[in-house]
Amino acid sequence: MDTQRKSSEEDDAGGRGLLHTWKGYSYSVAPERLLLRQPVVQVALGAQHGVLLLDGGQVYSFGELPWKQSPSPEVVEPTLESALSGQRVISVAAGSFHCGAVTEDGGVHMWGDNGAGQCGLSGLSSVPNPTPVALLDPSAAQTVPVLELACGEKHSLALSVQREVWAWGGATVPAWKPQRVEQLAGRYVLQVACGAEHSLALVRCPGPKEGQRPPVDKCNQCNQLLYTMTDKEDHVIISDSHFCSPRGDDGLGAPPPTQNLKTSPSEPVLPSYSSSSTVPAAPAPEPNTDPTSDPSSAQTPEGAGTRLTNGEQPASDSDDSARSRSASAAAGVKGSPYPDEQAVKEYLRKLSDGAQTGSKVPPAGARGSSTLNTLVASCASAVGERVASTYEALSLRKMMNFYLPSRPEALSGVSDSTAERVCQEDSVQAKKSSSTGDIREEEAESLRRRLSLPGLLSQGRYAVHLLSSSYGLLLSPRLLRRAGRPRIRAFALTPMDGGVPEAPEVLPALQTEVWSWGRGEDGQLGHGDNLARLQPLCIKSLNNKEVVRVAAGARHSLALTAQSQVFSWGSNSSGQLGHMESPSTVPRLAKLSDGIRVWDVSAGERHTLLLADGDCIQPILYYSGRQVKEAQEEEAGQQDGGEDEEENRAGAYTQQPVLLPLCMNLGYVSSVAAGGRSCAALSDRNVMGFIASLHELASAERKFYCKLCGIRSQVVRPLLELESLSSVLGQVTFELLQTLTGRFGLLCHLTGQHAVSLTANIRRGRDVKSLLILEHANIFLDSYNEYCSAVGNFYVMGGFQALTKPSLDVFGKSPEVLQRLSESGEESPAVSDLLMALFYLPALHLHEYGRLLLKLGTCFEVSSSDYQKLQDGFSRFEALTVQLKRKRKEADYTFHFWKSFPGKMTDSLRKPHRRLIYESSNKSLTLQNAGRFSVNWFILFSDSLVHAQGVAPHKNPFSTHHIFPLATLWVEPTAEDDAGLQGLKVITPEETFTLLASSSTEKSKWLRAINQAVDQALSGAGPKSEPPPRRTASYTFYKDGRLKEATYDGHWLNGKPHGSGELKWPDGRIYTGSFKNGLEDGFGEFVAPNKTLNKKDLYQGYWKEGKMHGLGSYRYASGEVYDGSFQDGMRHGHGMLRSGKLNTSSPSVFIGRWLQDKKTGYGVFDDITKGEKFMGMWQDHQRQGIGVVVTQFGLYYEGTFKDNRMMGVGVLLSEDDTTYEGDFSDDWTLSGKGVLTLANGDYLEGSFSGEWGSGLKVTGSYFKPHLFDSDKDKNRAVKLGHLCVSAEEKWQAVFEECWTQLGCEAPGRGENRKAWENIAAALATNWQHMQDSPEMLSRSHSKTLESLEDIPPHKGPITMDRYHTVRLYLLKACDTPLHPLGRLVETLVAVYRMTYVGVGANRRLLQQAVSEIKSYLNRIFQIVRFLFPDLPEEGGLIPEPPEDLQERTQPAPDAPMDPPRPGRVVSSSALLLPVLLPRLYPPLFTLYALEKEKEDDVYWECVLRLNKQPDLALLAFLGVQQKFWPVSIPASLPASGGKQQVIPSTKDACFASAVETLQQISTTFTPSDKLQVIQLTFEDITQEVQSLLKQDFLWSMDDLFPVFLYVVLRARIRNLGSEVNLIEDLMDPCVQNGEHGIMFTTLKACYYQVQHEKVT
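Residue numbers restart at each chain and count upward from 1, following the sequence in its written direction. For this predicted model, a pLDDT threshold of at least 70 governs which residues receive local features, and a threshold of 80 or more governs which side-chain atom pairs are given and counted, while totals over whole chains, interfaces and linings are taken from all residues. With hydrogens and water excluded, all non-hydrogen atoms of the structure serve as input to the side-chain values.

Chemist: A description of the overall build of the chain should follow, citing residues and the corresponding values.
Modeler: Note on conventions: DSSP H or I runs of at least 4 residues are helices, E runs of at least 2 residues are strands, and numbering of each starts at the N terminus. Assigned secondary structure in the chain consists of 39 helices and 65 strands. In this scheme, a residue with accessible area under 20% of its type's maximum is buried, one over 50% is exposed, and one in between is partly exposed, where area comes from a 1.4 Å probe on protein chains only. For the chain, buried positions account for 53% of its 1656 residues. A sequence separation of at least 24 residues applies to 58% of the contacts in the chain between residues at least 6 apart. In these tables, accessible area is a Shrake-Rupley quantity obtained with a 1.4 Å probe, and a residue counts as shielded only by the protein chains included in the view. Of the accessible surface of the chain, which amounts to about 72900 Å², a share of 51% is contributed by carbon and sulfur atoms. Note on contacts: a residue pair is in contact if any heavy atoms of the two residues lie within 4.5 Å.

Shown next, in the form of structure tokens:
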């Protein structure tokens, strides 16, 4: 590629990424321009060479490239690194003599000098071309993708996509192998930088909600636990005995001291002044010493010892004294990483006795008290990160002070190699942050950062045993365990406001820390000392400084903050630090003039290059450091350190940063680079003004951020620190000030993040797409909106006036600070005005955003998407600017209003958020029909309309006022009447009044103002058309009445609650549900506290016009529960009341009819405690009329009741059939005439008195009818059922409710169409109600509901098809309680079970139970016929379909003529029994079983006896003709196939299929299903006989009966009598005379035959 150098003054047609290089800072310096075909994206400079990254992803090298092995070492022009062709490179880095590149897929390529393994390749001293280097993660066994690289003199760092740091070269082992820096694992690293022999990492502070990555607790090599903890009773043993060689199979002893070994991740060293083990990835120089020459290599087993002794790394050859000192010290090191195990044990023993004091000197053999004291300091951090929080959990500081009162610095790890050294360091440590950090500082710091105090651990086991009798502070196992859990830490993002999230992730982090490690003899690590650090350590003094970029020179370091300041530390031999401290071991600010805002930094060998904003938009360059002359340049290689010092003394370097005049010729510089002695800058031409506009936007944001930080530190913080502030301002204003300063802090933070983002955009992208202000405009708009609201609220409450006095205390009488910051031009302005101007400053900046976005937009074609984006952004910011201006005006107007109307009313009305919109002091609005002397004043605020009233001739006329909240205010203009009155009708929930405007203009003004204010109050959006009549709001009623002081929250319509809502009374009553026209209407829930019982009543159900109406459930505080119907707030209709306090079952249950809260009509009362059940009529809560009582002892009474007692005629039967028929006077008390019939038929006739069961007095005659066999006395059996409620009269309320639901006043009276509409409405309502609580709705249920949505055709003649449709519809409708029919069936099932289960299971109730079912069928059938009016009545016919008849009318000529089949007979039982009977079957069948118990027992005994016989014997006994006896039967083993002969001993084999079929009769419910089973049994018998006779066969009853009897016996049906009776009672009448009827008669005959069968 042809490249050439030319002076930067020469013009060319370049655009972006122009590269200029130069050396030094003299005025004569002219930058050289390197011409390349594409824009340069990034430049990195080494000692004598540079690497360039071009826009297309190509990489070029230039300068001296000795590794290229070219014949002559001349300076090379930019040369393409062809080894990288085909790879898209995204980032490059240059070390002193090596280079690196990162590709798009995260791959790393290295080339150049590899003497110390800095290229990450083994066995090569130099790498001529870019070669891939893999970062292997041993735990995941895969390569780690990388984001960026940094290269030093002999080491390299990589930042992975996971934000972890990897290092190789220099001190790592093996040197060429990239290894993770474990001390930074789990932290989010933002950037890395390398000096010659030190490293820097910029780390994001963890956010308050950010979960930490788990700390490293397993070894990367062998995946074993690094630490183990054992709980003892009073202490914890922490063991780190884990060790595995990092060199893999190479199990040799210590590595050569030329490489500082990573011994094991389990040995994090405490970075104190004395240390004897190393850490992973700590880049250190590689001294040129022979491995064998150092005694430590031979004496350190397992590679535990290294050359770092007394805190100093091995010096290079030039420093012989240092080397000999370290060597001699190392010679004393034993195998343990502790300096002296005995000393440690001794020390721990003394600690536990409480005898150790800080003044004591440790034994001479110890390596130094620093290590020992550190053991105490790091006992909690012994498990690395995991126990760090124990520092906070225990006040270790107290313990340390107790043990070491006079030596706080001991905890900081002061070395005691000589007493003199201690004295020197004592003073240093008092001023600066130390290596391990002062414990006091640590404690305060612990909330926002992990402790940077890795543990000092043994190879063996030491008990961390701290016993302090004075303080009782014991590290308990529980505490250590708790501390082991990852903790979420909170920290203050802004000094103003605590818990501000670092969110959204799109914004760059400002809360950062700088960590450093490596060589430190020039103070380049920034820890306040000159000691080396083998592992990263946080530079405490840079916390809270918002560092956003770090850079490292050869021996100095730089940190750039978001506030555009530069901190520098390290070697200042050539003035490279930009300040006069020489050298600086802690970060200090570089000296720059006011108004110079630095936004990019780079460091070379002995110089620093800064890129900054000046007065104009174009960036300026500052240089700090050594001057480079051409002559010096040539001698560069030979120069010695001493000569440098002389040269520097001669003044050939800067005292502080100097401006480079050449920068004005470079155009718009986007980034700078420095390396060796060279400088480079990338710049852009200002094409179309775009670059200038982008720079202006970034520069304006940086300037604005510095301004906000100035206000924060110089105004806000001093004010908030005043102790008397809250008392001066008062509680409300002080809270508003806190809110305001909190929002100010948030806005300030956001601006800083945005400034950093814009700077990054200029440095790399320079495009519109990555502008946060466009992509995430909402974040900015919301922040400004909230902030300006806070300022307005504070202003309205007179906050700025109230701050005047505190401001005088802080700023004095002439507040120059305020004037300067607020840029006020007035002479002697008021302090309150200055403060207001200051706090309103950010609002002005919004306009600046809009202006700059518009300016950027003009650089694009109107049709482009970028232009559209910028235009939209401008519109949004401009709209907010206008809105905030309006808000400020409103606040101003409101403030002056309050000022001019002081008084009690003002104090009560003045609220922070309330703004004045309009008021009628100019008589523009009056009240219609107001009194003659009354005065009315209307004030419209942003949230309410205030009506003040009073009497005219008075000093303060307004005696009362009322506030109408706008959310519940409706206004409408009244029609103009003849008098021409301009009226406005105002509707509020409790008042409606008319206002009269003075003119039509005023009328429309007020109407518009009120409507806009209402709309604003409702939606919070900008003003638009009039507000909707329907709305959601909250309101508290104040007028006397039912709703006094109740609060309603929900939907409204024209001044009344309408829709769903919640109503709360102060006494605790709560209604939640539907409203209509201001009253409870629809489904709702009501809770009312019962103060006497201290429990709550709860009602859930339907309401109408403010009262309980319809179905509902009421749980009383007393424990009673009522489920049923309500009307006008009372129990009315059918309902069930369960009462009593038993948890499992209530002591009494009533189910029946209620009338105005009283039991009246038919009902069933189950008295569980007495064991009695009453079924009969009630009146006013009392049994009145006829009824039945059954008891658990089998007593049965039917008769009349009066006043809740058995009184009048009745019949009483006992279990043994003893019967009394006559008069009663009380429960179970006989009184008067009657007949007592005994079980054997004898009877007594006469007068009776006394209680049943406790001795009766009788006056009368005794008869024994069987002695005189006269006809009239033959049958004295009592017929039951005359004195009980007839089936038709039972449960009328249940049916009435169903008819009402269908819209009928009385059964059958109503419109069919309306009934179907009501069904549809009920389904829809219930469906909605179910969806609100989906847990009640099963999947099958919802499917049923969906299928019911279609109404079946219910008009027109009923055909068979339509009959089937109706039948299916009824099955589904009765299957869900959401359908009126389903609800009816469900209720009937409930009442039936309630009647006939438990005590009600009395055999004497069977006939009533059967007739009740028949009554249900008739009454439901009536409803069905009402819904389907064309359905024939009971017993009617549905003709067969005509096509069937047609087929039948043309039979085949030889076929016998079939009699014409009638159609289907319609009957209630056929249609409805399948729905009803399965649910009622258990109680009904129980009654049958009880009634037929004796007969069934006789039958069963006979069945068991006869079933003992084998088949053939039984067939013979029953008289079955021999021709019907089966000869063979199917084989018992299906595998064998074929038939098996029937032999005399064969049992249960003949007619087996028929027997099996008949047994299914017990599994069916309805008579029709049972008859079907009998029919199938007959068919099975016939089939078997036909196959036996091999011909068609017609049965005669004589032949059939014995065979069928055999099948019945073999079927062994236990309760056959009950089955027979059930079929007989409920059989469809139309079936009785047909085929089924005959078959049933046969079965019945078999049953009687079996009972009377005699075995001969």
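Back to the write-up after that little detour.
Chemist: I'd like a rundown of the packing of helix α32 (residues 1468–1491) against helix α38 (residues 1616–1626), residues and numbers included.
Modeler: Inter-axis angles, ranging from 0 to 180 degrees, are taken between N-to-C directions of lines fitted to C-alpha atoms, where helices are fitted over the stretch in contact. Where α32 meets α38, the axes come as close as 11 Å, and the angle between the chain directions of the two elements is 135 degrees. Overall, the two elements α32 and α38 adopt an arrangement that is oblique. Considering the relative orientation of α32 and α38, their crossing is right-handed. In contact with L1473, L1477, Y1481, L1484, F1485, Y1488 and A1489 of α32, α38 contributes S1618, E1619, N1621, L1622, D1625 and L1626. Under the scheme applied, nonpolar residues are Ala, Val, Leu, Ile, Met, Phe, Trp, Tyr, Cys and Pro; charged residues are Asp, Glu, Lys and Arg; polar residues are all the others, including Gly. Of the residues contributing to the contact of α32 with α38, the split by class is nine nonpolar, two polar and two charged. Oblique is the label for any angle not under 35 degrees, not over 145, and not in the 65 to 115 range, which are roughly parallel, roughly antiparallel and roughly perpendicular in turn. Two helices cross in a left-handed way if the nearer one is turned anticlockwise from the farther one by less than a right angle. They cross in a right-handed way if the turn is clockwise.

Chemist: Account for unusual backbone geometry, with residues named and values stated.
Modeler: Positive phi is not limited to glycine here, since D1157 has a value of about 75 degrees. Its location among the elements puts D1157 in the loop between β52 (1148–1155) and β53 (1158–1167). We classify D1157 as partly exposed; its relative accessible area is 30%. Located in the positive-phi region is D1180, a residue other than glycine, with phi close to 50 degrees. Exposure remark for D1180: the relative accessible area of 46% places this residue in the partly exposed category.

Chemist: Describe in detail the pattern of salt bridges, supporting the description with residues and values.
Modeler: Think of it this way: side chains of opposite charge can pair up when their charged atoms draw near. Definition used for salt bridges: Asp or Glu carboxyl oxygen within 4 Å of a side-chain nitrogen of Lys or Arg. One pass over the structure, following the stated rule, counts 43 salt bridges. Ionic pairing is found between E197 and R519, a salt bridge with its closest N-O pair at 3.8 Å. Remark: R519 occurs in the loop between β23 (512–518) and β24 (533–538) and E197 occurs in the loop between β18 (188–194) and β19 (198–204); sequence separation between them is 322 residues. By relative accessible area, E197 is classed as buried at 12%. Judged by its relative accessible area of 10%, R519 falls in the buried class. With a shortest N-O distance of 2.5 Å, K855 and E696 are connected by a salt bridge. One end of the pair, K855, is in helix α21 (residues 831–857); the other, E696, is in helix α13 (residues 690–720), and 159 residues separate them in sequence. One connected set of salt bridges, linked through shared partners, spans D137, E164, R180 and E182.

Chemist: Quick rundown of the sheet that holds strand β31 (residues 620–625)? Include the residues and the values.
Modeler: Taken together, the four strands give an open sheet; going across it, the order is β29-β30-β31-β32, and neighbouring strands pair in antiparallel fashion. Edge positions in the sheet fall to β29 (597–603) and β32 (658–659), since each of these pairs with one other strand and no more. Only strands joined by at least two bridges in the DSSP assignment are considered to pair. Bridging between strand β30 (residues 607–613) and β31 involves six bridges; their strand directions are antiparallel. Among the inter-strand pairings, A612 is bridged to a residue of β31, identified as I620. Relative to the sheet, α13 contacts β29 and β30, its axis offset from that of β29 by approximately 105 degrees.

Chemist: Go over the sheet that holds strand β16 (residues 165–169), please, and point to the residues and values.
Modeler: Pairing is antiparallel in the open sheet, where four strands are placed in the order β14-β15-β16-β17. A single partner strand is all that each edge strand has here, and the edge strands are β14 (146–151) and β17 (179–180). Relative to β17, β16 runs antiparallel, the two sharing two bridges. Looking at the pairing, A167 lines up with Q179 of β17.

Chemist: Before we move on, can you summarise the packing of helix α36 (residues 1567–1589) against α38 with the specific residues and values?
Modeler: It is the contact of α36 with α38, at a shortest axis distance of 9 Å, that shows an interaxial angle of 120 degrees. Of the possible angle classes, the one that applies to α36 and α38 is oblique. Helix-helix and strand crossings are classified by hand; for α36 and α38 the assignment is left-handed. Facing α36, whose interface residues are P1567, K1570, L1571 and I1574, α38 presents E1619, L1622, I1623 and L1626. Considering only residue class, the contact of α36 with α38 consists of six nonpolar, no polar and two charged.

Chemist: Give me the lowdown on the side chain of S683, citing residues and values where you can.
Modeler: Tracing the sequence through the fold places S683 in strand β34 (residues 678–684). Among the residues examined, S683 registers a relative accessible area of 0% and is labelled buried. When sequence neighbours within four positions are dropped, the list of residues in contact with S683 reads G15, R16, G17, L18, H20, L666, G667, Y668, V669 and S670.

Chemist: I'd like a rundown of the nonpolar core, residues and numbers included.
Modeler: Within the largest apolar cluster, 117 residues are counted, with the highest numbers of intra-cluster contacts made by W22, L621, V715, L771 and F877. Top contributing element to this core by residue count: α13, with 15 residues. Discounting residues that sit within four places of it in the chain, W22 has contacts with V29, P31, L609, L621, L660, L662, L666, S678, C679, A680 and A681. By convention a nonpolar core is built from buried Ala, Val, Leu, Ile, Met, Phe, Trp, Tyr and Cys residues, the set being connected through side-chain atoms within 4.5 Å. Core analysis: the next-biggest nonpolar cluster, separate from the first, contains 74 residues, L1213, C1298, L1427 and L1476 among them.

Chemist: Before we move on, could you go through the pairing of β19 and cite the residues and values that matter?
Modeler: β19 sits mainly inside the fold: seven of its seven residues count as buried. Across the two faces of β19 the burial is the same, with H198, L200, L202 and R204 and S199, A201 and V203 all buried. Of the strand pairs in this sheet, β18 and β19 are connected by six bridges, and their pairing is antiparallel. Paired with Q191 across the bridge in β19 is L202. Between the antiparallel neighbours β18 and β19 lie three residues. Sheet topology note: the β19/β23 ladder contains seven bridges and is antiparallel. The residue of β23 that forms the bridge with L202 is V514.

Chemist: Pulling in residues and values, what's your account of the environment of H556?
Modeler: Secondary-structure assignment places H556 in strand β26 (residues 556–561). Any N or O atom pair separated by 3.5 Å or less is treated as a polar contact, with the protein-specific requirement of one donor-capable and one acceptor-capable atom, and with residues adjacent in sequence counted only for side-chain atom pairs. One polar contact links H556 to T608, side chain to side chain, over a distance of 3.0 Å.

Chemist: Describe the side chain of N936, naming the residues involved and giving the relevant values.
Modeler: Summarising the element assignment, N936 is placed in strand β37 (residues 934–941). Polar side-chain contacts of N936 include one of 2.7 Å to the side chain of H947. The contact partners of N936, leaving out residues within four places of it in the chain, are S920, L925, L927, A930, H947, A948, Q949 and F958.

Chemist: Account for helix α29 (residues 1380–1396), naming residues and giving values.
Modeler: To estimate the expected span of a helix, subtract one from its residue number and multiply by 1.5 Å. If you check α29, its first and last C-alpha atoms are 24 Å apart, about what 17 residues at 1.5 Å a residue would give, namely 24 Å. Within α29, 13 of the 17 residues are buried, which leaves it mostly tucked inside the rest of the structure. Downstream of α29 by a residue or two, G1398 has a phi angle that is positive, lying close to 75 degrees.

Chemist: Summarise the packing of aromatic side chains; cite the residues concerned and give the values.
Modeler: Stacked, tilted and edge-to-face are the three classes applied to pairs of Phe, Tyr and Trp rings, where Trp contributes its six-membered ring and a pair requires centres within 6.5 Å; stacked means planes under 30 degrees apart, edge-to-face means over 60, and tilted covers the rest. Counted according to the given criterion, the structure contains 59 aromatic pairs. Their ring planes at 80 degrees and their centres at 5.0 Å tell us that Y1099 and F1126 sit as a pair that is edge-to-face. A residue pair is termed long-range when its members are at least 10 positions apart, and Y1099 in strand β48 (residues 1095–1104) and F1126 in strand β50 (residues 1121–1127) qualify at 27 residues. On the accessibility criterion, F1126 (4% relative accessible area) is buried. Note on geometry: a ring has a charge over it if NZ (lysine) or CZ (arginine) is within 6 Å of the ring centre and within 35 degrees of the ring normal. Its end group placed over the ring of F941, R914 keeps NZ or CZ at 5.6 Å from the ring centre. Directly above the aromatic system of Y1122 lies the positively charged group of R1131, at a separation of 5.7 Å from the ring centroid.

Chemist: Give me the environment of R16: which residues, what numbers.
Modeler: Note on placement: R16 falls in the loop between β1 (5–7) and β2 (18–23). The class for R16 is partly exposed, based on a relative accessible area of 34%. Measuring from C-alpha to C-alpha, the distance between R16 and R685 comes to 6.2 Å, with 669 residues separating the pair along the chain. Within the local environment of R16, its side chain forms a polar contact with the backbone oxygen of R766, the two atoms lying 3.4 Å apart.

Chemist: How would you summarise the pairing of β2 if you had to cite specific residues and measurements?
Modeler: Extensive coverage of β2 is indicated by the burial of five of its six residues. Here β2 runs beside β34; their pairing, made up of six bridges, is antiparallel. Opposite L18, over in β34, you have S683 as the bridge partner. Taken together, the three bridges between β2 and strand β3 (residues 32–34) define a ladder with antiparallel strand orientation.

Nothing here speaks to function; it is geometry throughout.
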